[in-house]
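Now for the letters of each chain:
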Amino acid sequence: MALPGLLRRCSVLIDLSHAFKVALWPTIKRILHEPSLLFDPQTLSYIFMFHVWTFFAPYIDEHSAAEKAKVITPYAHGVILDVGAGHGHNIKYLDRARVTKYVALEPNVLMHPEIRRTAGAAGLSEADGNLIILACGAEDTASILTSLGGYQPVDTVVSTLTLCSVPEPQRTIKSLVSDVLKPGGELLFFEHVQNPHPHVARWQRFWSPLWSKAFDGCRLDRPTHVWVQETGGWEKEEVWGQEGESEDHLFLHRSGRFVKSS
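The following refers to the structure shown.

The rules behind each value
Residues numbered from 1 in each chain as written. Predicted model: local features only at pLDDT ≥ 70, side-chain atom pairs only at ≥ 80, totals over all residues. Heavy atoms only, no water. Patch = residues over 30% accessible without salt bridge, like charges linked within 9 Å, V, L, I, M, F, W, Y side chains within 5 Å. Areas by Shrake-Rupley, 256 points an atom, 1.4 Å probe, with all protein chains shown as cover. Salt bridge = Lys/Arg side-chain N within 4 Å of Asp/Glu carboxyl O. Helix = DSSP H or I, 4+ residues; strand = E, 2+ residues; numbered from the N terminus. Buried < 20%, exposed > 50% of the residue type's maximum accessible area, 1.4 Å probe, protein only. Axes fitted to C-alpha atoms, helices over the stretch in contact; angles between N-to-C directions. Parallel < 35°, antiparallel > 145°, perpendicular 65-115°, else oblique. Left-handed = near helix turned anticlockwise from the far one by under 90°. Contact = heavy atoms within 4.5 Å. Nonpolar A, V, L, I, M, F, W, Y, C, P; charged D, E, K, R; others polar. Phe/Tyr/Trp six-rings, centres within 6.5 Å; stacked < 30°, edge-to-face > 60°. Expected span 1.5 Å × (residues − 1). Pairing = 2+ DSSP bridges.

Taken together, the side chains of Phe 20, Leu 24, Trp 25, Ile 28 and Leu 32 present a nonpolar region at the surface, about 490 Å² in accessible area. Note that Leu 32 resides in helix H2 (residues 12–33). For Leu 32, a relative accessible area of 63% gives the class exposed.

Put into structure tokens, the structure is as follows:
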């Protein structure tokens, strides 16, 4: 492999160095203040990821804005479940006239104040009943259904850069589609996925164990768009790549719009 190609495959080290630079010391300070966190790795991961996401999220949102607007704005409607809502950046891409309720699914409770702030700026609030924030994961469909009051309560499921990190992704996608999404409802996504070129996919698999430790379970090597297609029961399926993005990329993106059969 030529040196420039090797450098591209190792570019994740730059992001990892930024992640540790902005998140390691604040996390250590929390441990020093609360030593029992050493026995709670999930909470430690949330603390670390909170600082990582505060640093990375504005940049990521800016550079994915065109794709998010393309996949979310024309299609998201009704009751919207935002899987892995983070800081609520997807709210800005919603057509508020078509939204009856925004449900932010975010297990990291440190993110919730920022979701409330972003939602409030868009006229969404828990007091008005058009905002719900859930602290469970996407795999916990029983809790989602209980919180929303019934079977198949959601018109639109939105996932942006989230299905890369959910546990048991294939089972989770199937459960969200079969149990949470209404017939005729839409699953909209923008995700980084497994590269179809074997030489790039090998590097994705190589870096994923380390990357997932720093980015709260995120993996580079998931063929998420394929898993969504394989779920079946779709009335309409659309998948496309990000305009101008090289196919020879560790972070290859795919967007999709899938309409569930009525």
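The discussion continues.
Let's shift gears to the packing of helix H5 (residues 141–148) against helix H6 (residues 169–180). Viewed as axis vectors pointing N to C, H5 and H6 meet at an angle of 30°, and their least axial separation amounts to 10 Å. What the angle tells us is that H5 and H6 run roughly parallel. Where H5 crosses over H6, the handedness of that crossing is right-handed. Touching Thr 141, Ile 144 and Leu 145 of H5 are Ser 175, Leu 176, Asp 179 and Val 180, all from H6. Each residue belonging to the contact of H5 with H6 can be placed in one class, and the counts come to four nonpolar, two polar and one charged.

The next thing to look at is the packing of aromatic side chains. Centre-to-centre distance and the angle between the planes together describe a pair of aromatic rings. Considering all chains together, one arrives at ten aromatic pairs under this definition. Arranged with centres 5.9 Å apart and planes meeting at 25°, the rings of Phe 189 and Phe 258 form a pair that is stacked. Here Phe 189, found in strand S5 (residues 181–193), pairs with Phe 258, found in strand S7 (residues 252–260); they are 69 residues apart in sequence, far enough to count as distant. Residue Phe 189 is classed as buried on the basis of its relative accessible area, which comes to 1%. One aromatic cluster is present, formed by Phe 55, Phe 56, Trp 211, Phe 215 and Phe 251 through successive ring pairs.

What follows concerns H6. Helix length check: H6, at twelve residues, gives a terminal C-alpha distance of 15 Å against a target of 16 Å (1.5 Å per residue), a fit within 8%. All buried positions along H6 are accounted for by Pro 169, Thr 172, Ile 173, Ser 175, Leu 176, Val 177 and Val 180.

With that settled, consider unusual backbone geometry. Backbone geometry places Leu 161, a non-glycine residue, at a positive phi of 55°. Summarising the element assignment, Leu 161 is placed in the loop between strand S4 (154–160) and H6.

Sheet architecture is open: seven strands sit in the order S3-S2-S1-S4-S5-S7-S6, paired in mixed fashion. Across the chains shown, the open sheet's two edge strands, defined by having one partner strand only, are strand S3 (131–134) and strand S6 (234–241). Pairwise comparison of adjacent strand axes, ignoring direction, gives a mean angle of 15° for this sheet. In this structure, S5 lies alongside S7, joined through eight bridges in antiparallel fashion. What sits directly across from Val 193, in S7, is Leu 252. In the packing of H5 onto the sheet, the strands contacted are strand S1 (78–83), strand S2 (99–105), S3 and S4, and the crossing angle to S3 comes to about 150°.

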